[in-house]
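A closer look at the structure
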Amino acid sequence: MSGTEKTKAHAEHAKGKAKEALGRMTGNERMTAEGHADQAKGNARHAKEDIKDTFRH
């Protein structure tokens, strides 16, 4: 996995966790849902890079 893509995936996931936590603290369901979506994007990006790595080796 390239370093930049790995960093982007981790950042996306962390951003989602923070949004979700903030949304839960404030009772904002929309922000909580956005946090879940951001986490899913990060996980998908990570999975995509894992698949690329599998085919490279």
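See the structure shown above.
Computed from a predicted model, the values in this text were never measured in an experiment. The numbering scheme is per chain: residues are counted from 1 as the chain's sequence reads. The model is predicted, so local features are restricted to residues of pLDDT at least 70 and side-chain atom pairs to those at 80 or more, both for listing and for counting; the totals for chains, interfaces and linings are taken over all residues. By convention in this description, side-chain values take in all heavy atoms of the structure and omit both hydrogens and water.

1. A look at the overall build of the protein chain
- Helix numbers and strand numbers start at the N terminus; a helix is a DSSP run of H or I with at least 4 residues, a strand a run of E with at least 2. Helix and strand content of the protein chain: 2 helices and 0 strands.
- Throughout, radius of gyration means the C-alpha value; the globule benchmark is 2.2 Å times the number of residues raised to the power 0.38. Relative to a compact globule of 57 residues, whose C-alpha radius of gyration would be 10 Å, the protein chain shows 13 Å and is clearly more extended.
- C-alpha extents for the protein chain along the principal axes are approximately 45 × 15 × 10 Å.
- Categorising residues by exposure relies on relative accessible area from a 1.4 Å probe, with only protein chains included: less than 20% of the type maximum marks a residue as buried, more than 50% marks it as exposed, and the intermediate range marks it as partly exposed. Counting across all 57 residues of the protein chain, residues that qualify as buried make up 23%.
- Within the protein chain, residue pairs in contact and separated by at least 24 positions form 51% of the contacts whose partners lie at least 6 positions apart. Should any heavy atoms of two residues lie within 4.5 Å, those residues are considered in contact.

2. So, the pattern of salt bridges
- What makes a salt bridge here is a side-chain nitrogen of Lys or Arg within 4 Å of a carboxyl oxygen of Asp or Glu, nothing more. Under the criterion given, the structure shown has 10 salt bridges.
- Of the charged contacts in the structure, one is a salt bridge between arginine 30 and glutamate 34, with a shortest N-O distance of 3.4 Å. Note that arginine 30 and glutamate 34 are positioned in helix 2 (residues 29-56) at a spacing of 4 residues, about one turn of the helix.
- Overall, glutamate 34 belongs to the partly exposed group, its relative accessible area being 30%.
- Put simply, glutamate 49 and lysine 52 hold a salt bridge, and the shortest N to O gap is 3.3 Å. Of the two residues, glutamate 49 and lysine 52 both sit in helix 2, 3 residues apart, roughly one turn of that helix.
- Given a relative accessible area of 37%, lysine 52 falls into the partly exposed group.
- Linked by salt bridges that have partners in common, Lys19, Arg30, Glu34, Asp38 and Lys41 make up one network.

3. Some words on helix 1 (residues 3-26)
- Multiply 1.5 Å by the residue count of a helix minus one, and that product is the helix's expected span. Between its first and last C-alpha atoms helix 1 spans 34 Å; for 24 residues at 1.5 Å apiece the expected length is 34 Å, and the two agree.
- Listed in full, the buried residues belonging to helix 1 are Glu5, Ala9, Glu12, Gly16, Glu20 and Gly23.
- Buried-residue contacts for helix 1 involve helix 2.
- Directly after helix 1, the chain includes glycine 27, whose backbone phi takes a positive value near 75 degrees.

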